[in-house]
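# Observations on the model geometry
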Amino acid sequence: MPDHTRLRRSVLYAPASNGKALAKLPSLPCDAAIIDLEDAVAPGDKITAREGLAALFEKRPAGRELVIRINPISGEWGADDLQAALACQPDGILLPKVETPRDILEAGDILDDNDARDTLRLWAMIETPRALLNIGAIAELGRDPASRLACLVAGTNDLVKETGILATPDRRYLVPWLMQMVLAARAGGLDILDGVSNDFRDSEAFARECAEAAAMGFDGKTLIHPAQIEAANEAFSPSQEALSEARGIVAGFAAAENEDKGVIVLNGRMVERMHLHQAENLLAKAASIGK
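Right, let's walk through the structure included here. This one's a predicted model, so the numbers in the text were calculated from it and none came from an experiment. (Residues numbered from 1 in each chain as written. Predicted model: local features only at pLDDT ≥ 70, side-chain atom pairs only at ≥ 80, totals over all residues. Heavy atoms only, no water.)

### Focus: the nonpolar core
Under the convention used in this document: The term nonpolar core refers to a set of buried residues drawn from Ala, Val, Leu, Ile, Met, Phe, Trp, Tyr and Cys, joined through side-chain atoms within 4.5 Å. Three labels apply to residues, based on accessible area from a 1.4 Å probe with only protein chains included: buried if under 20% of the type maximum, exposed if over 50%, partly exposed otherwise in between. Residue contacts are defined here by distance: any two heavy atoms, one from each residue, within 4.5 Å place the two residues in contact.
Formed by 63 residues in total, the largest nonpolar core has its most connected members in Ile35, Leu53, Ile68, Ile93 and Leu152. Residues in contact with isoleucine 93, not counting those within four places in the same chain, are Val67, Ile68, Ile70, Leu82, Ala85, Leu111, Leu120, Arg121, Leu122 and Trp123. Listed in part, the 13 residues of the second largest apolar core include Leu94, Trp123, Met125 and Ala150.

### Examining helix H4 (residues 78-88)
Note the threshold: Think of it this way: any DSSP run of H or I at least four residues long counts as a helix, any run of E at least two long counts as a strand, and we number them from the N terminus.
Taken as a whole, H4 has its buried residues at Gly78, Asp81, Leu82, Ala84, Ala85, Leu86 and Cys88. Buried-residue contacts for H4 involve helix H2 (46-51), helix H3 (53-58), strand E3 (65-69), strand E4 (92-95) and helix H5 (101-113).

### Some points on a negative patch on the surface
The criterion, for reference: Residues enter patches when they are more than 30% accessible in relative terms and free of salt bridges; like-charged ones are connected within 9 Å and nonpolar ones (Val, Leu, Ile, Met, Phe, Trp, Tyr) within 5 Å. Values of accessible area rely on a 1.4 Å probe in the Shrake-Rupley scheme; residue burial ignores everything except the protein chains shown. Salt bridges are defined by distance alone: a side-chain nitrogen of Lys or Arg within 4 Å of a carboxyl oxygen of Asp or Glu. In this tally Asp and Glu are treated as negative and Lys and Arg as positive; neither His nor the chain ends contributes. Every charge is mapped to an atom, namely NZ of Lys, CZ of Arg, CG of Asp or CD of Glu.
Together, Glu106, Asp109, Asp113 and Asp115 make up a negatively charged patch on the protein surface. Structurally, aspartate 113 can be placed in helix H5.

### Quick look at the sheet that holds strand E6 (residues 149-154)
We count it as follows: Between any two strands, pairing holds if DSSP finds at least two bridges. Axis definition: a line fitted to C-alpha atoms, over the contacting stretch in the case of helices. Angles run 0 to 180 degrees between N-to-C directions.
Reading around the circumference, E1-E2-E3-E4-E5-E6-E7-E8 is the order of the eight strands in this closed barrel, with parallel pairing throughout. Across the sheet, the mean angle from the axis of one strand to that of its neighbour is 25°, orientation sign disregarded. Sheet topology note: the strand E7 (residues 191-194)/strand E8 (residues 220-223) ladder contains two bridges and is parallel. What sits directly across from aspartate 194, in E8, is lysine 221. On top of the sheet, helix H9 (residues 175-188) reaches strand E5 (121-126), E6 and E7; it is set at about 160° to E7, its chief contact. In this fold helix H10 (residues 203-216) packs onto E7 and E8, with an angle of close to 140° to the strand it touches most, E8.

And the structure:
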């Protein structure tokens, strides 16, 4: 399971070309931010946006995980993006259009060749049909620390575009693929982030989408507007009811008469040690939030 001491409930995209948006980052309560050099930056602004990264990272907000999304390495801007990102020493680099494990491994080789620090992680966008077909092999790299892979990000807009499915409010045609991503992420010991919700003005629909994503097993959601942060943080935080139940399970197994038991009965329900591990993970996450 992922390390819940690193919170990724709300992960806000911020265009590297938008100085106003970048200036607001230190004051926002999102868990992490993705400084975007790819989709959110027009072709004519790519070089200028890349050159502006250094100024942002010189004054980076303390305690905030910062990830840089580069353009595809094989494309016109990607190789230079990667070098610029390395110079900034972000927490992670988000690779777009990942389709095979080789895409991850080649990026990791470049990081190693440039003596990137061991803590620099790779994130991968899952946004094409080919990526979905290879999702198991991609996620399996999470079991190898040398790959640097730490997180998968659902690129739902691109998946809709590439497959031609109908984008309905309930995401009924996307859900099978989203669940496939969650399953693969868990098999690889990776975090997994849900895709963006485009209508940031519809707060009720967004809160509902966050709640559904949390129920599906996602660790957090990628955001396009600061107005979405609060709802995402709430949806991906443990409820008071869940925390109370978790504390009861931990206390139950801690009782002297249960120390050596694999199964106990709490409130008329059978509870196994796997439930104890789940409870401990939930409490660790709550402690990271300060809840």
